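# Tertiary structure, described
So the chains spell out like this:
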Amino acid sequence: MIKILTALHTLPEIKTYRTIFFEKIIPVLKEKFDVQVYWLVYTPEKLSNSIKEKNDRILDIHDFQNAVGVIEKVKPDIIISAPTLNLPDFALTLAAKFYNIPTAGEVVTKLFVVENTKITLFSFFKGFFSSSVPTDNNEKNKKFMRRGIFFIYKYYFLLKTQKIIKMKYSKILKDFFILIKAHLVFMKDIYNKRFSVDLHFVENYNLKKLLIQKGFKESSLAVTGNPMYDSMKYSVTTEDSLKNHNKINVLLFTHAMYEHGIWTRVQRDTLVKDIVKEVNKHKNEMELVVKIHPSSEILSEYQKIIGPISDTILIHKEGNALEFIQKADVIIGFSTESALIQALILKKPVIICNFYGLQGDLFLKHDLVFNCEKIENLIPSIKKSKQNNPATKQKIEQFTIDYLYKLDGLASKRICNAIIGLLEGKIKNE
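So, a few notes on the structure that sits alongside this text. Here the residue numbers are simple positions, counted from 1 along each chain's written sequence. The model is predicted, so local features are restricted to residues of pLDDT at least 70 and side-chain atom pairs to those at 80 or more, both for listing and for counting; the totals for chains, interfaces and linings are taken over all residues. Side-chain numbers here rest on the full set of heavy atoms in the structure, without hydrogens or water.

### Description of the pairing of strand β2 (residues 35–41)
Of all seven residues in β2, six are buried, a share of seventy percent or more. Two strands are said to pair when DSSP picks up at least two bridges between them. By the criteria applied, helices consist of DSSP H or I runs no shorter than four residues and strands consist of E runs no shorter than two, each listed in order from the N terminus. Direction of pairing for strand β1 (residues 2–8) relative to β2: parallel, over a ladder of seven bridges. From the neighbouring strand, I4 faces β2, where its bridge partner is V37. In this fold, β1 hands off to helix α1 (residues 17–29), which returns the chain to β2; that crossover is right-handed. For every residue, the accessible area obtained with a 1.4 Å probe (protein chains only) is divided by the maximum for its type, and the residue is called buried under 20%, exposed over 50%, and partly exposed between those limits. A crossover gets the label right-handed when its path from the first strand over the helix to the second runs clockwise, viewed with the strands pointing away from the viewer.

In structure tokens, the structure reads:
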């Protein structure tokens, strides 16, 4: 039996990058071992007893003083923790190293950057006083400085972990300033060796080179690709074209830019309203579906934005993004993210509504999408997409090599082999 411990900002039944990651690798691991995953769930409020009784592998962070207590309860064989500035993950990593428990985590490509530090600094402080956190799914949870209070709670959990493992105060103070700086400029430099783990699942070779430059140990970097795209291994080799039907099926993927403090609420609401209004003017030619993020956006907020424009436009929070993409003729997004990468692999034309001067976006940089900088260009871009998709086969193949490594359906297997090697290496050392 292999016991895996990981931290999660939502309940595990909600689709997030971390839960999809586990959905892909656990079946492969179970081909050789019995596997049990324990989820340390961290939310602003304490989880109800019924949730924990229903799934005894769900651990509530509020039931523990520090990460050491979590490890002592679970006694994991390995901890999967993101090598980033995420506070609960960092606490688990520190406690694991104290107990000599192997740690592993995924490192994915930075999809876009915000090059204006002042905006990022302002956004951080604005977000600190926000009345909600990105994972809220109910507007009733809002209260003054909810996000800031939760940040303090998570930092206090980390601090108590640092103290119980007898970390020097000078090191604790140094970590504090590193963390604060990382949060202030996190879109500019998210790869910091301070958060490194024993084994990193790296998405591509270009990223591996960058991590080595940042001071990560080369021996800890395993280039695996991304298991999220394993089920799409054959899509890149098949030509796709828009279906011949009466209406153009338009899919809008929203992105939690407001929830993560990159945009203001006014920016988010204005952009969504403009897109929906513009497409709705052509409802005889086009049919719009909206898919919001399953864990970082609130459905009722989008219903308030879109409902007054049209009560027939479907807004989905749950569901597999890939299923929506397969039914769409053209995809609209705000910036490069995993759902749009899936659309690219399926050769669906993508339009980035770049109304606020997004800088450093991968799709824009590599000319893979329609760059729509003004709302009046949206409908012409949608119509143009029927004949001219900027993402050619050659461009997609080069993007795959540069950022996805391989689309051979074996990323999960490579990750599992690396995990087994890490565990065997630890056993040999003992």
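The structure having been displayed, the exposition proceeds.
### Quick notes on the packing of helix α3 (residues 67–74) against helix α4 (residues 87–98)
Remark: α3 packs on α4, axes separated minimally by 8 Å, with the N-to-C direction vectors making an angle of 60°. Between α3 and α4 lies a crossing whose hand is right-handed. From α3, A67, V68 and I71 reach across to α4, where they touch A91, L92, A95 and A96. For this classification, the nonpolar set comprises Ala, Val, Leu, Ile, Met, Phe, Trp, Tyr, Cys and Pro, the charged set comprises Asp, Glu, Lys and Arg, and every other residue, Gly included, is treated as polar. Across the contact of α3 with α4, the residue classes break down as seven nonpolar, no polar and no charged. Axis definition: a line fitted to C-alpha atoms, limited for helices to the stretch in contact. Angles are taken between N-to-C directions and run from 0 to 180 degrees. Each helix crossing is assigned a hand: it is left-handed if the near helix lies turned anticlockwise from the far helix by less than a right angle, otherwise right-handed if that turn is clockwise. Only heavy atoms enter the contact rule, under which two residues are in contact if any of them lie within 4.5 Å.

### Thoughts on the sheet that holds strand β3 (residues 58–60)
The strand order across the open sheet built from seven strands is β3-β2-β1-β4-β5-β6-β7, with neighbouring strands paired in parallel fashion. Taken across any chain shown, the strands that pair with only one partner, and hence form the sheet edges, are β3 and β7 (221–223). Sheet twist, expressed as the average angle between the axes of neighbouring strands with direction ignored, equals 25°. Alignment of β1 against strand β4 (residues 78–80), held across three bridges, turns out to be parallel. Within the sheet, the bridge partner assigned to L5 lies in β4 and is I79. Where α1 meets the sheet, it contacts β1, β2, β4, β5 (103–107) and β6 (199–202), and its direction lies at approximately 170° from that of β1. Relative to the sheet, α4 contacts β1, β2, β4 and β5, its axis offset from that of β1 by approximately 145°.

### Quick word on unusual backbone geometry
One non-glycine residue, N100, lies in the positive phi region at around 60°. Here N100 shows up in the loop between α4 and β5. Positive phi outside glycine occurs at Y405, with the angle close to 70°.

### So, the packing of aromatic side chains
Note on ring pairs: Phe, Tyr and Trp rings are taken, using the six-membered ring of Trp, and paired if centres are within 6.5 Å. Classes follow the plane angle, with under 30 degrees stacked, over 60 edge-to-face and the rest tilted. Under the definition given, this model contains 12 aromatic pairs. On the basis of an interplanar angle of 90° and a centroid distance of 5.3 Å, the ring pair of F98 and Y99 is categorised as edge-to-face. Note on F98: relative accessible area 45%, which makes it partly exposed. Its relative accessible area of 33% is what places Y99 among the partly exposed residues. In this structure an aromatic cluster arises from ring pairing among F21, F22, W39 and F201.

### Structural notes on the sheet that holds strand β9 (residues 286–291)
Spatially, six strands are ordered β10-β9-β8-β11-β12-β13 in an open sheet, and the strand pairing comes out parallel. At either margin of the open sheet sits one strand with a lone partner, and together these are β10 (314–316) and β13 (370–372). For this sheet the average axis-to-axis angle between neighbouring strands, irrespective of direction, equals 25°. In this fold helix α9 (residues 265–280) packs onto β8 (248–253), β9, β11 (330–333) and β12 (350–353), with an angle of close to 155° to the strand it touches most, β9.

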